[in-house]
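For reference, the chains in residue letters:
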Amino acid sequence: MADCSCILAALCFFVANVLRMVMFIRRYNRQHFDFELFKQFDPSFIREQWQYRTDNLLLYNAATVLNAFAWFFFLIPIVQLSWCLSRGGFRQVGVHVAIAIFAFVGTFGEVISRLLMFGFNGVMYWIHSEFELDRWLPTNISQGQPDELGWRTLELVFLAVEGMQVWVNAFEWVCLTVIFFLLFYSVATQAPSQRELPMSMVRVGLVIGVLSLFDFAADVLRYEDWRLFSSLALLAGALNTWILLPSFLIALSFQLPKLVPKPITIEHNETIDLMSMTRTPAPAGTPLGQPGSAAAAAAAAPTTTTTTVTAHAPVVANGGVAAAAAAAPATGPTPSPIQPDPESSLI
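To continue, consider the overall build of the protein. Counting its regular elements, the protein contains 11 helices and 5 strands. Relative to its full complement of 347 residues, the protein shows a buried share of 41%. For the protein, contacts bridging at least 24 residues in sequence account for 78% of all contacts bridging at least 6. As displayed, the protein has an accessible area near 18,300 Å², and 68% of this comes from carbon and sulfur atoms.

In structure tokens form, the structure reads like this:
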């Protein structure tokens, strides 16, 4: 059965980026935009800008909320995946803790920044529609003409806060880069016979990490050429979180349930190493009380007792108690059966 959190994350990423692409097409086709007027803070241009933003407010808010939910759902399978790949905290602990930490930090930054921008935009649109922005100077200075300082101030504050969000988004790409690079390292360093995830899947994750790094560079360089690098960042982000990341999450939704630790049946004559998931039969004649000591005793016993455990560390079965009870002489009163203590069978 597919993991629901992976499916929800993929769906939210896909829909949010479809909305972002629609917004990008609309912004690219704006007829009123003039970069020189934009740099001069021309009041007439600013009015048209805010009218355009008001017309697309619902689309922007929908994309913002969906993107926040996408990161929230993305956190759940990534943390679970890092736990499973670490074999419950016994394999490359530092690598998998780092994966979980960067997933938490990226999700926290995304959700907080989206919520802040959601509230900020609501207040800014309220000011734009309800407040006086044309006449701020006294009449004896403005001579009764609109000074339009309010529009310039509104645009200045909007650009300053939007610039803060750019750097928050850039850090989120850093988090994605680190997460997928470490996931690739974790799976690639496993023996081929012990890999829980196919290499083709983690190679797709590596491509996601490389594109995330490119998106971070485009976000940083957009102040050198705003239109060029903003467009490159949006296109790289759309390819990443519109196609590759949802595809990775859908594939992970079918792989993740297979990685959950399951109960292991341990025979009393073998050693189980859960670090490598291998079974080692005990050598014949092992003294009683040593790992695998039940090999000789179990051979003389009419039955073999098994114990089912769920563990994350190397386990050695010790069937000394059960084997001694099975090998007891049949003369005299029949002793009551002795049940093996699960705790005594673990070394």
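Alright, that's what it looks like, and here's the rest.
Attention now moves to the nonpolar core. F74, L81, I179, F180, L183, L197 and L252 are the most contacted members of the largest nonpolar core, which has 36 residues in total. For this core, the secondary structure elements donating two or more residues are helix 1 (4-28), helix 4 (57-85), helix 5 (93-130), helix 7 (149-188), helix 8 (199-221) and helix 9 (226-259). Among the elements that line this core, the one with the most residues is helix 4, at 9 residues. Counting residues in hydrophobic clusters, the runner-up holds 11 residues, among them I46, M117, F120 and M124.

With that settled, the discussion passes to the packing of helix 4 against helix 9. Remark: helix 4 packs on helix 9, axes separated minimally by 11 Å, with the N-to-C direction vectors making an angle of 45°. Taken together, helix 4 and helix 9 sit at an angle that is classed as oblique. You can see that helix 4 and helix 9 cross each other, and the crossing is left-handed. Of the residues in helix 9, those in contact with F74, P77, Q80, L81 and C84 of helix 4 are L245, L249, L252, L256 and L259.

Moving on to the environment of L59. Mapping L59 onto the fold places it in helix 4. The spacing of L59 and L19 is 40 residues in sequence and 6.7 Å in space, taken between C-alpha atoms. Apart from residues lying up to four places away in sequence, L59 is in contact with L19, V22, M23 and R26.

For the rest of this paragraph, the subject is helix 4. Here helix 4 contains 29 residues, and its C-alpha end-to-end distance of 42 Å stays within 8% of the 42 Å for a straight helix at 1.5 Å per residue. A positive backbone phi angle near 55° is found at R87, which sits one or two residues after helix 4.

With that settled, the discussion passes to the pattern of salt bridges. Enumeration over the complete set of coordinates arrives at 5 salt bridges. Note that D134 and R47 form a salt bridge whose closest N and O atoms lie 2.8 Å from each other. Of the two residues, D134 sits in the loop between helix 5 and helix 6 (139-142) while R47 sits in helix 3 (residues 43-55), which places them 87 residues apart along the sequence. A salt bridge links E110 to R114; the nearest nitrogen and oxygen atoms lie 2.4 Å apart. One end of the pair is E110 and the other is R114, both in helix 5 and 4 residues apart, which spans about a single turn. R114 matches E110 in its accessibility class, with the two residues each being buried.

On to a nonpolar patch on the surface, then. Together, V93, V97, I101, V105 and F171 line one region of the surface with nonpolar side chains, adding up to about 390 Å² of accessible area. Tracing the sequence through the fold places V97 in helix 5.

For the structure shown, the criterion picks out 0 disulfides. C4 forms no disulfide, and the closest cysteine sulfur to it belongs to C6, at a distance of 9.3 Å.

Looking now at unusual backbone geometry. Notably, F41 is not glycine yet its phi reads approximately 55°, a positive angle. In this structure, F41 sits in the loop between helix 2 (35-40) and helix 3.

Turning our eyes to something else, we now look at the packing of aromatic side chains. Under the counting rule described, the total for this entry stands at 16 aromatic pairs. Plain terms: the ring middles of W50 and Y125 are 5.3 Å apart, the flat faces sit at 75° to each other, and that makes the pair edge-to-face. One end of the pair, W50, is in helix 3; the other, Y125, is in helix 5, and 75 residues separate them in sequence. Here the aromatic cluster, defined as three or more aromatic residues joined through ring pairs, consists of F13, W71, F74, F180 and F248. A cation over a ring is seen here: R30 above Y52, with NZ or CZ 5.2 Å from the ring centre. Over the face of the ring belonging to W50 we find R53, whose NZ or CZ atom lies 5.0 Å from the ring centre.

Let's shift gears to the environment of R222. Summarising the element assignment, R222 is placed in the loop between helix 8 and helix 9. A sequence separation of 56 residues divides R222 from V166, and the C-alpha atoms of the two residues are 9.6 Å apart. When near neighbours in sequence (up to four residues on either side) are disregarded, R222 contacts V166, F229, S230 and A233.

Definitions and limits used
Residues numbered from 1 in each chain as written. Predicted model: local features only at pLDDT ≥ 70, side-chain atom pairs only at ≥ 80, totals over all residues. Heavy atoms only, no water. Helix = DSSP H or I, 4+ residues; strand = E, 2+ residues; numbered from the N terminus. Buried < 20%, exposed > 50% of the residue type's maximum accessible area, 1.4 Å probe, protein only. Contact = heavy atoms within 4.5 Å. Areas by Shrake-Rupley, 256 points an atom, 1.4 Å probe, with all protein chains shown as cover. Core = buried A, V, L, I, M, F, W, Y, C linked by side-chain atoms within 4.5 Å. Axes fitted to C-alpha atoms, helices over the stretch in contact; angles between N-to-C directions. Parallel < 35°, antiparallel > 145°, perpendicular 65-115°, else oblique. Left-handed = near helix turned anticlockwise from the far one by under 90°. Expected span 1.5 Å × (residues − 1). Salt bridge = Lys/Arg side-chain N within 4 Å of Asp/Glu carboxyl O. Patch = residues over 30% accessible without salt bridge, like charges linked within 9 Å, V, L, I, M, F, W, Y side chains within 5 Å. Disulfide = S-S within 2.5 Å. Phe/Tyr/Trp six-rings, centres within 6.5 Å; stacked < 30°, edge-to-face > 60°. Lys NZ or Arg CZ within 6 Å of the ring centre and 35° of its normal.

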